[in-house]
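The chain contents come next:
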Amino acid sequence: MKRIITILTLIFISTIGFAQTDSIRGNQFELKGKIINEISLTPHCGTIAWGTVIEFEIIEFSDSNYKLDSIGVIFTCPEFYEDGFFEVGKTYTITVADENQADFGWTIPNESILTKYKLDKKLWVIKTDKKE
């Protein structure tokens, strides 16, 4: 009997874990692009949650409604990326969502950059990889 309860408990825990794999808020999009401008890094996150807008020349973008050839996306706590990660001219693959994933706001000193892209919503980076 004890063994059956243990097995059922493990199945229940596994089910919960797998059911929560897609907890990203909002619509997700895939972006492949090259950084086109110098990056404005922020202080480290702590008492203040910092973010920065980084602009990309679009190589591929899964949002077929977006028509411009460049875009700005928000990287939160950019200090979490390794030194030298952000390089002008390098190509990145990025998953973005059109909703803030945190339950709090962000301080984004260069947020005004986003106005030139006329987006309905801000795009928040969920995951990114640098292509060597």
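Please read all numbers here as calculations on a predicted model, not as lab measurements. (Residues numbered from 1 in each chain as written. Predicted model: local features only at pLDDT ≥ 70, side-chain atom pairs only at ≥ 80, totals over all residues. Heavy atoms only, no water.)

Break down the pairing of strand β2 (residues 51-61) for me, citing the residues and quoting the values.
For β2, the buried fraction is high: 8 of the 11 residues fall into the buried class. Pairing of strand β1 (residues 28-35) with β2 involves 5 bridges; the strand directions are antiparallel. The residue bridging G33 from the neighbouring strand is I58, located in β2. In terms of strand pairing, β2 meets strand β3 (residues 70-76) through 7 bridges, oriented antiparallel. For I54, the partnering residue across the bridge sits in β3 and is V73. (Buried < 20%, exposed > 50% of the residue type's maximum accessible area, 1.4 Å probe, protein only. Helix = DSSP H or I, 4+ residues; strand = E, 2+ residues; numbered from the N terminus. Pairing = 2+ DSSP bridges.)

I'd like a rundown of the side chain of T52, residues and numbers included.
Note that T52 resides in strand β2. A polar contact is formed between the side chain of T52 and the backbone oxygen of S40, at a distance of 2.6 Å. At a separation of 3.3 Å, a polar atom in the side chain of T52 contacts the side chain of N110. Sequence-distant contacts of T52, defined by excluding residues within four places in its chain, comprise S40, T42, V73, I74, F75, P78, I108 and N110. (Polar contact = N/O pair within 3.5 Å; in protein donor to acceptor, adjacent residues only side chain to side chain. Contact = heavy atoms within 4.5 Å.)

I'd love a proper account of unusual backbone geometry, names of residues and values included.
We note that C77 has phi near 45 degrees; this positive angle belongs to a residue other than glycine. Mapped onto the elements of the fold, C77 is located in the loop between β3 and β4 (91-97). The backbone phi angle of K118 is positive, close to 50 degrees, even though this residue is not glycine. As for its placement among the helices and strands, K118 is situated in the loop between β4 and β5 (124-131). Relative accessible area serves as the criterion here: at 72%, K118 is assigned to the exposed category.

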